[in-house]
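# Understanding the architecture of this molecule
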Amino acid sequence: MKAWLVAAAVVLSVSLGGTLTWQHYIGTVDQAELLGDTGRDRAGPPRRITIESAPRPSVVPGAPDAGHAAELDAQPGRNLLLAGLDARPGEDRATARADTVIVVHVTESGDRAYLISLPRDTRVAIPGHGTDKLNAAFSLGGFELLARTVQRITGLVFDAGAIIDFAGLRKVVDAVGGVELCVDEETTSVHVGWDAQGRQTPPYRLIPPSFRAERIPGVRAQVYHVGCRHFAGWEALDYVRQRELIPDGDYGRQRHQQQLLRALAEKITSAGVIANPIALDRVLTAVGGSLTFDGNGASVTDWIVRLRAIGPDDLTLLRTNGGRFRTERRDGRDYENLDATTAELFAAARDDRLAEFAARYPAWVIAPGAN
């Protein structure tokens, strides 16, 4: 994901005299086969290809409205699947749940991208594992199973995939010197607080299985008040992790995460970073060290060149369910269900008509700093 956000900065830095050794940064990105058969042209062994020459995709059994390869191949534009991992202390990353799942649709023209966050608690059929919450797919079968599950929901074929953990996100924010964010609802942290001696400690216990927040006496919680201000890395990370104590729960968290990604894109492509070789080196190193990327046969460089026309103002942030809960309780667990308009959203992505969808449903578009 961060390779996409810094595309403009990277291309510009290379064109301005070649003072940076681009292969150095490429080498810091962990490249792995994440998508499996959910990516285009994964019927056989992966091979190096360019985006423009990518041949026909493979069929994914059970994918909605994808009975044959031609239907998938006919989808215009490009789709990237992003997974953010928020492993708890001591938790193995391989068994962590993907608490952030974002589909990025890049238009066929290549000059605009749309970010669609999927609720982590969405009730889904996970191939080979029955029914569970969407975020369980990663822990059950890694990124490929997550991609297959998302493909069943959306009907989209994927052209790239990426994983970034939340510790890596903090490093990127710190590398750019922090970001400007507008807090749109008072947000109390369940993770960061201070005891009577001023030592940092969690102010709440998260009680499984639902991880309900229970206040710890004598600990003052970090609170983010409504308004615009500068965020350091630790604050930005903490702010976009919160969902337990805000009225719109996971929808609010999705919105805050998308707003942070846009703020990062703005900061990375600002003159203060691009024109400063030391700052740019620091940012690109942090990005490369935080990212696992699968270009589906195309290199990181191929993707950066393809996405070079997309800047921060060319990003549109979209809600599922219009940001409204459709919660269903089953066997003591709360699940989120996606509504019919969200199905229209996915259909618009498959047909490269998201601009039309956004115009028809303006309330589904997330404005920077707005709820």
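Residues numbered from 1 in each chain as written. Predicted model: local features only at pLDDT ≥ 70, side-chain atom pairs only at ≥ 80, totals over all residues. Heavy atoms only, no water.

### Let's talk about the overall build of the protein chain
Defined as follows: Starting at the N terminus, helices and strands are each numbered in turn, a helix being any DSSP run of H or I of at least four residues and a strand any DSSP run of E of at least two. Exposure categories follow from relative accessible area, calculated using a 1.4 Å probe and restricted to protein chains: below 20% of the type maximum is buried, above 50% is exposed, and the middle band is partly exposed. Any two residues whose heavy atoms approach within 4.5 Å at even a single point are treated as in contact. Surface exposure here means Shrake-Rupley accessible area, sampled with a 1.4 Å probe, where a residue is shielded only by the protein chains that are shown.
Looking only at helices and strands, the protein chain features 13 helices and 19 strands. For the protein chain, the residues scored as buried account for 55% of the 371 residues in total. Within the protein chain, contacts between residues at least 6 apart in sequence are counted, and of these 68% link residues at least 24 apart. Carbon and sulfur atoms form 52% of the exposed surface of the protein chain, whose accessible area is close to 15400 Å².

### Quick look at the packing of aromatic side chains
Under the convention used in this document: Between the rings of Phe, Tyr and Trp (Trp by its six-membered ring), a pair exists once the centres lie within 6.5 Å; its type follows the angle of the planes, with under 30 degrees stacked, over 60 edge-to-face, and the other angles tilted. Think of it as a cone above the ring: NZ of Lys or CZ of Arg counts as a charge over the ring if it is within 6 Å of the ring centre and within 35 degrees of the ring normal.
Under the definition given, this model contains eight aromatic pairs. Their ring planes at 25 degrees and their centres at 5.8 Å tell us that Y224 and F231 sit as a pair that is stacked. On the basis of relative accessible area, F231 is assigned to the buried category, the value being 0%. Ring centres of F357 and Y361 lie 4.8 Å apart, and the angle between their planes is 40 degrees; this geometry places the pair in the tilted category. In this structure F357 comes out as buried when scored by relative accessible area, which is 5%. In this structure Y361 comes out as buried when scored by relative accessible area, which is 18%. Of the aromatic side chains, those joined through ring pairs into one cluster are Y224, F231 and Y239. The positively charged end of K133 is found above the aromatic ring belonging to Y335, 5.9 Å away from the centroid. Its guanidinium or amino end placed over the ring of F231, R229 lies 4.2 Å from that ring's centre, counting from NZ or CZ.

### As for the sheet that holds strand β9 (residues 187-194)
Applied cut-off: In this analysis, strands are considered paired if DSSP registers two or more bridges between them.
A sheet is described by the order of its strands in space; here three strands give the open sequence β10-β9-β13, paired in antiparallel fashion. Across the chains shown, the open sheet's two edge strands, defined by having one partner strand only, are β10 (200-201) and β13 (220-224). Note: β9 against β10, two bridges, orientation antiparallel. Paired with W194 across the bridge in β10 is Q200.

### What about helix α8 (residues 249-268)?
Keep this limit in mind: Between the first and last residue of a helix there are one fewer steps than residues, each counted as 1.5 Å, and that sum is the expected span.
With 20 residues, α8 extends 29 Å from end C-alpha to end C-alpha; this agrees with the ideal 28 Å at 1.5 Å per step. Within α8, 18 of the 20 residues are buried, which leaves it mostly tucked inside the rest of the structure.

### Comments concerning helix α5 (residues 136-154)
Note the cut-off: Here the bend at each residue means the angle between axes fitted to two seven-residue stretches, the one ending at that residue and the one beginning there.
Across its 19 residues, α5 extends only 17 Å between first and last C-alpha, which sits more than 12% below the 27 Å expected from 1.5 Å per residue. Remark: the principal bend of α5, roughly 130 degrees, maps to G142. Listing the buried residues of α5 in full gives A136, A137, F138, F143, L145, L146, A147, R148, T149, V150, Q151 and T154. Backbone geometry just after α5 places G155 at a positive phi near 75 degrees.

### Considerations on the pairing of β9
With seven of eight residues buried, β9 lies mostly within the body of the structure. What sits between the antiparallel neighbours β9 and β10 is a turn of five residues, in which G198 has the positive phi angle 80 degrees.

### A word on the confidence of the model for the protein chain
Put simply, the test is: Each residue gets a pLDDT score, which is the predictor's confidence in that residue and runs from 0 to 100.
Averaged over every residue, the pLDDT of the protein chain is 79; residues scoring 70 or more account for 78%. No element of the protein chain has a lower mean pLDDT than helix α2 (residues 7-15), at 36, and none a higher one than β13, at 97. Counting contacts from residues 1-21, a segment whose pLDDT is below 50, to residues more than four positions away or on other chains yields 50 contacts. Note on residues 43-68: pLDDT under 50 across the span, and 62 contacts to partners over four residues away in sequence or across chains.

### Focus on the packing of helix α7 (residues 233-241) against α8
Threshold: Comment: axis = line fitted to C-alpha atoms, over the contacting stretch for helices; angle = value between 0 and 180 degrees taken between N-to-C directions. Three residue categories are used. Nonpolar comprises Ala, Val, Leu, Ile, Met, Phe, Trp, Tyr, Cys and Pro, charged comprises Asp, Glu, Lys and Arg, and polar comprises the others, including Gly.
Interhelical geometry of α7 versus α8 gives an angle of 150 degrees and a closest axis separation of 8 Å. Residue-level inspection shows A236, Y239, V240 and R241 of α7 in contact with α8, the latter providing R253, H256, Q257 and L260. Looking at the contact of α7 with α8 residue by residue, the classes come out as four nonpolar, two polar and two charged.

### With respect to the environment of W303
Locating W303 in the fold gives a position in helix α11 (residues 300-306). When its relative accessible area of 4% is taken as the criterion, W303 is described as buried. Between the C-alpha atom of W303 and that of A160, which follows or precedes it by 143 residues, the distance is 8.9 Å.

### Some details on the sheet that holds strand β1 (residues 30-31)
Spatially, β1-β15-β7-β2-β3-β4-β16-β19 is the arrangement adopted by the eight strands of the open sheet, whose pairing is mixed. Among the strands making up the open sheet, the edge pair consists of β1 and β19 (365-366). In this structure, strand β3 (residues 98-106) lies alongside strand β4 (residues 113-118), joined through six bridges in antiparallel fashion. Pairing of V104 across the sheet is with L115, part of β4. Its contacts with the sheet put α8 on β3, β4, β16 (315-318) and β19, and the angle it makes with β4 is roughly 150 degrees. Packing against the sheet, helix α10 (residues 277-290) makes contact with β1, β7 (160-165) and β15 (291-294), and its axis sits at approximately 65 degrees to β15.

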